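Analysis of the macromolecular model
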Amino acid sequence: MTDFKSIKVTKGPKTLLIDNPTNFPLIGMGAQGAVFKLSEKRCVKIYSNTLQAQMELEALKAGQHLAFFPRLYEYGENYIVMEFFNAPTLKEYLRNCTYIPESITRKLLYVLGEMRNAQFTMVDAPLRHIFVLENEELKVIDHVNAFKRVHPVPLKLLRDLNMMLLKESFLSQVRKFEPATYETWQRYFAENTIDYRNIPVFSGGNGEGVKVDSAISQTLIGAGHQGAVFRIEEDQCVKIYGKPEHCHMEKTILLANQDLSFIPKVHESGENYVVMEYLSGPDLNTFLKKQTTLPPVVTKLLLDILTSQKQAGFKQIDAPLRHVFVTNKGFKMVDHVYSFSRLQERPLELFQNLHERGFLADFLEQIKVLDPATHAEWTKTPIPLTEEEVQMEIRDIPTVLPEIKKHSGKKQHGHKKGKGHDRDRDHKKGKEHGKDHGHKKERDHGKDRDHKKGHDRDKDHSQKREHGGKRDNKDKKKGNDRKKGSDKR
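Numbering of residues starts from 1 in each chain and follows the order in which that chain's sequence is written. Local features in this predicted model are restricted to residues whose pLDDT is 70 or higher, and side-chain atom pairs enter the listing and the counts only when it is 80 or higher, whereas totals over whole chains, interfaces and linings include all residues. Side-chain calculation: all heavy atoms of the structure are included, whereas hydrogens and water are not.

In terms of helices and strands, the protein chain carries 13 helices and 20 strands. Counting all 489 residues of the protein chain, 56% fall into the buried class. Throughout, a contact is declared for two residues whenever any of their heavy atoms are within 4.5 Å. Residue pairs in contact within the protein chain that sit at least 24 positions apart in sequence constitute 67% of those at least 6 positions apart. Counting every atom, the protein chain has about 22,100 Å² of accessible surface; 51% of that belongs to carbon and sulfur. To qualify as a helix, a DSSP run of H or I must reach at least 4 residues; to qualify as a strand, a run of E must reach at least 2; elements of each kind are numbered from the N terminus. Residue exposure (1.4 Å probe, protein chains only): buried if accessible area is under 20% of the type maximum, exposed if over 50%, otherwise partly exposed. Using a 1.4 Å probe, the Shrake-Rupley method yields the accessible areas, and only the shown protein chains count as cover for residues.

Here it is as structure tokens:
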């Protein structure tokens, strides 16, 4: 068989599952997809997630003028045919080096500079994604995150060079060739090395957002009504709460539901903070702004979240678009403070969000096909689309938090054992964090509540919001801290 489109790549429990009835050999596999060699000049990357295929396609199109980008030949919903490089990776090329060649450093600086000039937000690449052709010409692959992650400093590149004991020679050459770049990197690391336990966050009161010391705002990626979020590692962030009771509520819900695929993993917690998985990817509201039709896969994944909430005993059944993130591990959802203290049987805010995007009718039709019983339950009474109608359908109830599941003799998702997982751990000093002081600018929101990411270039937002965010407070109900049917993070 010679048609690569017959190859199936799906997400397995731990790795990708591949059904390849063709003779095209598998030459690479990662988190997003599998790569097959078509000829000496071409290969095809087939994705398990069509959303990620669209993200990489966007980046490849934007980088076709760059000499180090692979040429783009053909694409479809779940595949991209691009240039094939029969060459060693930079990791292989440097394997036996005791110092990095100056010629390589110059070319890496050129690549990083051109990425920055092309307005990519991830100005970075691990060594395994860089190929060394003849005459030391560099080629860079895997651009799914080019407009998704924000790395103004090449964190992955420096991490890999450090593991090969080449980081110091590389930085000394950067200092020699581009002193301004070197100083920018050093300033970034100095500004982003923080001890999150010493960050003061105060409740705004009366439904207002929390107050954060402006002196550390460069590490802030969002602030909302319950807390402020800071990125402290490449794959971790910390949410610091203005009120201890909000921390207790969300921490308990997160820890009790770590087995649910859409719940961010928790690494550590204290009386007023939770260290959790950093969700690298656009929120669903931002993603859908670029779609002309509602992808059925989006509906299915949203239905999976809402069904799991109901089965887990959540009282507030909802998945606002700005709280759902598109990651390489599937859809993840943030802001769960009131999941067990507000009774809401239909995803009212999701309905409103989809209506605003013009996708509500398509969503309900797709739900009718996927789950007729749920569709009938949701539509047996008219769907409320005004704020007043929504408020009439939601009730505050006494909070009864779920029990945290016990795992016999095993640590739960990396938490330290102790009362309520609250035992403090020493913050690792001197470790290079993947924090992003520029990231906060992309978490802004205005009255349309859209969450900005690197590849969303609209300029219509001005207020900071936290990781996942909080809707605008359009009208303050008397004594009611609930905003738009769901008080957010």
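Right, let's talk about the pattern of salt bridges for a bit. Any Lys or Arg side-chain nitrogen located within 4 Å of an Asp or Glu carboxyl oxygen qualifies as a salt bridge. Inspection of the entire model under this criterion finds 16 salt bridges. Across the pair Arg346 and Glu393 runs a salt bridge, and its minimum N-O distance is 2.8 Å. Here Arg346 is found in the loop between β19 (342-343) and α10 (348-357), whereas its partner Glu393 is found in helix α13 (residues 387-393), with 47 residues between them in sequence.

Listed in full, the buried residues belonging to helix α11 (residues 360-370) are Leu360, Phe363, Leu364, Gln366 and Ile367. All buried residues of α11 lie within an arc of 165 degrees about the axis, which places them on one face of the element. Seen from the open side of α11, the exposed residues pointing more than 90 degrees away from its buried face are Ala361, Glu365 and Val369. On its buried face, α11 sits against α9 (296-311), α10 and α12 (372-379). Think of the arc as the fan of directions from the helix axis to the C-beta atoms.

This paragraph deals with the nonpolar core. Here the nonpolar core consists of buried residues drawn from Ala, Val, Leu, Ile, Met, Phe, Trp, Tyr and Cys, with membership extended through side-chain atoms lying within 4.5 Å. In terms of nonpolar packing, the biggest core is built from 98 residues, with Leu108, Phe170, Leu284, Leu302, Phe331 and Phe363 touching the most fellow members. Among residues more than four places away in sequence, those in contact with Phe331 are Leu51, Ser261, Phe262, Leu284, Val298, Leu301, Leu302, Ile305, Val324, Phe325 and Val326.

This part takes up the pairing of strand β17 (residues 324-327). Neither face of β17 is open: one carries Val324 and Val326, the other Phe325 and Thr327, and all of them are buried. Across four bridges, the pairing between β17 and strand β18 (residues 330-333) is antiparallel. Bridge pairing in β18 links Phe325 to Lys332. Paired strands are those between which DSSP finds at least two bridges. Between the antiparallel neighbours β17 and β18 lie two residues.

A few words now on the packing of α10 against α11. Closest axis-to-axis distance for the α10/α11 pair is 7 Å, and the angle between their directions is 125 degrees. Considered as vectors, α10 and α11 are oriented oblique to each other. The segment α10 lies against α11, with Leu350, Phe351, Leu354 and His355 engaging Leu360, Phe363 and Leu364. Amino acids are sorted into nonpolar (Ala, Val, Leu, Ile, Met, Phe, Trp, Tyr, Cys and Pro), charged (Asp, Glu, Lys and Arg) and polar (every other residue, Gly among them). Across the contact of α10 with α11, the residue classes break down as six nonpolar, one polar and no charged. Lines fitted to the C-alpha atoms define the axes, with helices restricted to the stretch that makes contact. Angles between their N-to-C directions range from 0 to 180 degrees. Under this scheme an angle from 65 to 115 degrees is roughly perpendicular, one under 35 degrees roughly parallel, and one over 145 degrees roughly antiparallel; angles in between are oblique.

Attention shifts here to the sheet that holds strand β6 (residues 72-75). The five strands are arranged β3-β4-β5-β7-β6 in an open sheet whose pairing can be described as antiparallel. Each of the sheet's edge strands pairs with one partner strand only, and the pair in question is β3 (26-29) and β6. Shown here is a sheet whose adjacent strand axes are inclined to one another by a mean of 20 degrees, direction ignored. Two elements, strand β5 (residues 42-47) and strand β7 (residues 79-83), share five bridges in a ladder whose sense is antiparallel. Bridge pairing in β7 links Ile46 to Tyr79.

Before going further, it helps to spend a moment on a nonpolar patch on the surface. Like charges within 9 Å and nonpolar side chains (Val, Leu, Ile, Met, Phe, Trp, Tyr) within 5 Å are joined into patches, using only residues over 30% in relative accessible area that form no salt bridge. A surface patch of nonpolar side chains, amounting to about 250 Å² of accessible area, comprises Ile18, Leu26 and Met29. Along the chain, the position of Ile18 falls in strand β2 (residues 16-19).

Before going further, it helps to spend a moment on the environment of Val229. On the secondary structure map, Val229 appears in strand β13 (residues 227-233). In this structure, the C-alpha to C-alpha distance between Val229 and Tyr273, residues 44 residues apart in sequence, is 9.5 Å.

Right, let's get into the sheet that holds strand β12 (residues 220-223). With antiparallel pairing, five strands are arranged side by side in an open sheet as β12-β13-β14-β16-β15. Across the chains shown, the open sheet's two edge strands, defined by having one partner strand only, are β12 and β15 (266-269). Taking the axes of each pair of neighbouring strands and ignoring which way they run, one obtains an average angle of 20 degrees across the sheet. Examined bridge by bridge, β12 and β13 share three bridges and lie antiparallel to one another. What sits directly across from Leu220, in β13, is Phe230. Sheet strands touched by helix α7 (residues 244-256): β14 (236-241), β15 and β16 (273-277). Its angle to β16, the strand with the most contacts, is close to 35 degrees.

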